[in-house]
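# Examination of the molecular architecture
If you want the building blocks of each chain, they are given just below.
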Amino acid sequence: MNWNQLISNRRLGQEHRHPERHDDRTEFKRDYDRLIFSAPFRRLQNKTQVFPLPGSVFVHNRLTHSLEVASVGMSLGNDVAQKLLASQDVRGQLSPLVSEIGQIVATACLAHDMGNPPFGHSGEKAIQTFFTEGKGMYLKEKVSAPFWDDITHFEGNANAFRLLTHQFCGRRPGGFVMTYSTLASIVKYPFSSSLAGKKGKFGFFNSEAAIFQRIADEMGILKVDGGGLMVEGGDLKVDGGGLKYARHPLVYLVEAADDICYEIMDLEDAHKLKILSFDETLSLMLAFFDSKTQQHIRQRIVDEQLTDPNEQVQYLRACVIGKLENECAKTFMQHEEQILAGEFQGSLIDHVSPLQREAYVNCTKISKQRIYRSKPVLDVELSGYRIMATLMELMIEAIEHPDRYYSQQLIGRVSSQYDIDNPDLEARIMAVIDYISGMTDVYALDVYQKICGISLPIV
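Residues numbered from 1 in each chain as written. Predicted model: local features only at pLDDT ≥ 70, side-chain atom pairs only at ≥ 80, totals over all residues. Heavy atoms only, no water.

## Re the environment of I321
What counts, and what does not: Each helix is a run of DSSP H or I of at least 4 residues and each strand a run of E of at least 2, with the numbering of both proceeding from the N terminus. Each residue gets one of three labels from its accessible area relative to the maximum for its type: buried under 20%, exposed over 50%, partly exposed in between, using a 1.4 Å probe on protein chains only. Any two residues whose heavy atoms approach within 4.5 Å at even a single point are treated as in contact.
By the element assignment, I321 lies in helix α15 (residues 309-334). Judged by its relative accessible area of 14%, I321 falls in the buried class. For the pair formed by I321 and K244, sequence separation is 77 residues and the distance between their alpha carbons is 33 Å. Once you skip the residues sitting within four places of it in the chain, I321 turns out to touch V72, I260, I264 and M265.

## So, helix α6 (residues 101-111)
The buried count for α6 comes to 11 of 11 residues, which makes it a mostly enclosed element. Looking at α6, one finds that the buried residues are I101, G102, Q103, I104, V105, A106, T107, A108, C109, L110 and A111.

## Details of the pattern of salt bridges
Any two side chains of opposite charge can pair, on the condition that their charged atoms come close. Condition: Salt bridges are counted wherever a side-chain nitrogen of Lys or Arg sits within 4 Å of a carboxyl oxygen of Asp or Glu.
In total, this model carries 25 salt bridges according to the counting rule given. The partner of E393 in a salt bridge is K135, and the shortest N-O contact between them spans 2.9 Å. In this pair, E393 is assigned in helix α18 (residues 375-400) and K135 in the loop between α7 (120-132) and α8 (145-152), connecting sequence segments 258 residues apart. In this structure, R162 and E208 form a salt bridge, with 2.9 Å as the shortest nitrogen-oxygen distance. Of the two residues, R162 is situated in helix α9 (residues 156-165) and E208 in the loop between α10 (180-185) and α11 (209-218); the sequence distance between them amounts to 46 residues. Taken as a pair, R162 and E208 share a single burial class, namely buried. The structure contains a network of salt bridges with shared partners spanning R11, E27, R30 and D31.

## Quick notes on the packing of helix α4 (residues 62-86) against α6
Counted only if it meets this: Fitting a line to C-alpha atoms yields each axis, with helices limited to the stretch in contact; the angle taken between N-to-C directions then spans 0 to 180 degrees. For classification purposes, angles smaller than 35 degrees are called roughly parallel, those larger than 145 roughly antiparallel, those between 65 and 115 roughly perpendicular, and all remaining angles oblique. Crossing handedness follows the turn of the near helix against the far one: under a right angle anticlockwise gives a left-handed crossing, and clockwise gives a right-handed one. Ten residue types, Ala, Val, Leu, Ile, Met, Phe, Trp, Tyr, Cys and Pro, are classed as nonpolar, four, Asp, Glu, Lys and Arg, as charged, and the remainder, Gly among them, as polar.
Where α4 contacts α6, the two axes come as close as 7 Å, and the packing angle between them is 155°. Between α4 and α6, the interaxial angle falls into the category roughly antiparallel. The element α4 and its partner α6 pack so that their crossing is right-handed. Between α4, through S66, L67, V69, A70, G73, M74, G77, N78, A81 and L84, and α6, the contact on the second element is made entirely by I101, G102, Q103, V105, A106, C109 and L110. Tallied by class, residues from the contact of α4 with α6 come to 11 nonpolar, 6 polar and no charged.

## Observations regarding the nonpolar core
The criterion, for reference: Among buried residues, the Ala, Val, Leu, Ile, Met, Phe, Trp, Tyr and Cys ones that are joined through side-chain atoms within 4.5 Å form a nonpolar core.
By size, the foremost hydrophobic cluster in this structure holds 142 residues, and its most contacted members are W3, I101, F131 and I429. Ranked by residues supplied to this core, first place goes to helix α12 (residues 250-272) with 12 residues. Setting aside anything within four residues of it in sequence, one finds I429 in contact with F131, L139, V143, F147, I396 and I399.

## A closer look at unusual backbone geometry
Even without being glycine, F119 reaches a positive phi, approximately 65°. Its relative accessible area of 10% is what places F119 among the buried residues. Of note in this structure, Q305 is not a glycine but carries a positive phi near 55°. Within the fold, Q305 resides in the loop between α14 (291-303) and α15.

## Overview of helix α21 (residues 441-451)
Helical geometry note: an α-helix holds 3.6 residues per turn, so side chains three or four residues apart project in the same direction. How we decide: Of all possible arcs, the one meant is that of the directions from the helix axis to the C-beta atoms.
Taken residue by residue, α21 has D441, A444, V447, Y448 and I451 as its buried positions. Burial along α21 is one-sided: seen end-on, the buried residues are contained in an arc of 130°. For α21, the elements touching its buried residues are α18 and α19 (405-412). Trailing α21 by a residue or two, G453 shows a phi angle of about 75°, which is positive.

## Digging into the packing of aromatic side chains
Where we set the bar: Two aromatic rings from Phe, Tyr or Trp, using only the six-membered ring of Trp, form a pair when their centres are within 6.5 Å; if the ring planes differ by under 30 degrees the pair is stacked, by over 60 it is edge-to-face, and anything between is tilted. Geometrically, a charge over a ring is one whose NZ (Lys) or CZ (Arg) sits within 6 Å of the ring centre while staying within 35 degrees of the ring normal.
Counted by the stated rule, this structure contains 12 aromatic pairs. Seen from their ring centres, F212 and Y245 are 5.5 Å apart, and the 80° between their planes marks the pair as edge-to-face. Separated by 33 residues along the polypeptide, F212 in helix α11 and Y245 in the loop between β2 (230-231) and α12 bring together distant segments of the chain. Residue F212 shares its accessibility class with Y245, and that shared class is buried. Here Y252 and F344 contribute two aromatic rings whose centre-to-centre distance is 5.2 Å and whose plane-to-plane angle is 85°, an arrangement assigned as edge-to-face. In this pair, Y252 sits in helix α12 while F344 sits in the loop between α16 (336-340) and α17 (354-371), placing the two residues 92 residues apart along the sequence. Residue Y252 shares its accessibility class with F344, and that shared class is buried. One aromatic cluster in this structure is built from F161, F204, F212 and Y245. One cation-aromatic arrangement involves K244 over F191; the distance from NZ or CZ to the ring centre is 5.6 Å. Positioned above the aromatic ring of Y252, the side-chain terminus of R247 is 4.8 Å from the ring centre.

## Considerations on the confidence of the model for the protein
Put simply, the test is: Per residue, pLDDT captures the predictor's confidence, and it can take any value from 0 to 100.
Per-chain confidence: the protein averages 89 in pLDDT, with 92% of residues scoring 70 or above. Counting contacts from residues 233-240, a segment whose pLDDT is below 50, to residues more than four positions away or on other chains yields 20 contacts.

## Some thoughts on the packing of helix α2 (residues 27-36) against α6
The contact between α2 and α6 brings their axes to 9 Å, and the two run at 20°. As summarised for this structure, α2 and α6 are arranged roughly parallel, according to the angle between their axes. The two elements α2 and α6 meet at a crossing, and its hand is left-handed. Residue-level contacts link F28, K29, D31, Y32, L35 and I36 of α2 to Q103, I104, A106, T107, L110 and A111 of α6.

Put into structure tokens, the structure is as follows:
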């Protein structure tokens, strides 16, 4: 793969159109602005990140998390772009668009969680298990094998790609009409659901596979054959019809920005909620630095007169994020050749310097033990799972039996952008998933209470 081909400002759905521009924004800045002002992005403010939506103590939701990831992604992308452009005398002339890598990564970071359903991972599991363990199991005999793979592995990453590219009812072709590079940069798992494996991760639904293939082939992203070998060109299908590609290189930067933010910001939130003590949080964050740097950080806290524990944690958090951002940018450049060859394994975080890697692994371990299994988090997951499972059950039953009175009432409250009346069963099922996965936590709870008769609307 080569950078001049990988950075493309061609727009999905407008490949041959060159609209007149009235300002100096680049195409990638237009992508960023388009997401910021979109309704699906705004809805992230009412979607759980890890902890329950805030009461008296404000913690992160999907919106604040995405904005922070975009900030770190911008820094990572700018650092890499500067290093690439500075080495042109060795690697040859690069397209001026390479200077926009920071903007592309930041935009992809904004979009990376847009496909997540309400209640985080428990929402994903509720959709999956409705078909694998719940009342939707009977549908296996009524739908195609590729579609069954899609819905039984339902994944927020694949749903984000669908949200940005699918032509919903009344919308223009190309969905959000984003640039090719931005779209490719959000596909963390660039293969179809039939290759999802034990973790159940994949990058695009069968309905959007042709779109991803067109984008990837245009930018020269390498395909992978059944033996893991990279090949160029051709209409390659692998492993019983599955489609698999190498990652677009910028995916690694988006992933790194996400890894850095969710791990370190979760520590800060856990401290605010008193799940972790100040001393525990201090110890975890200082572990990212050698003894000399630790001493410097402690002295800086004294010099800045940061006596508030929360302010000290915030300063430490900034130091850790800065260090990890620098490490990940350095790691990317060290492994650039492998990344472009599609041979790089794991994430950038996996390959940072041993001190930072060990500290990060320890934070991950503590997070799993103390944060992600804490009572507030488990309570949200349990409640969210039940709400989502119930909504799936009632809505699927409605589209299976649309002539029933109650079904008509349910279908009547679905937005016209979802193709809920399509004569094709698979399209109707996907419309239900689109509708429910696009809900916020609060809206999902409200709909659940109303259709279950728990609460009545106030007129």
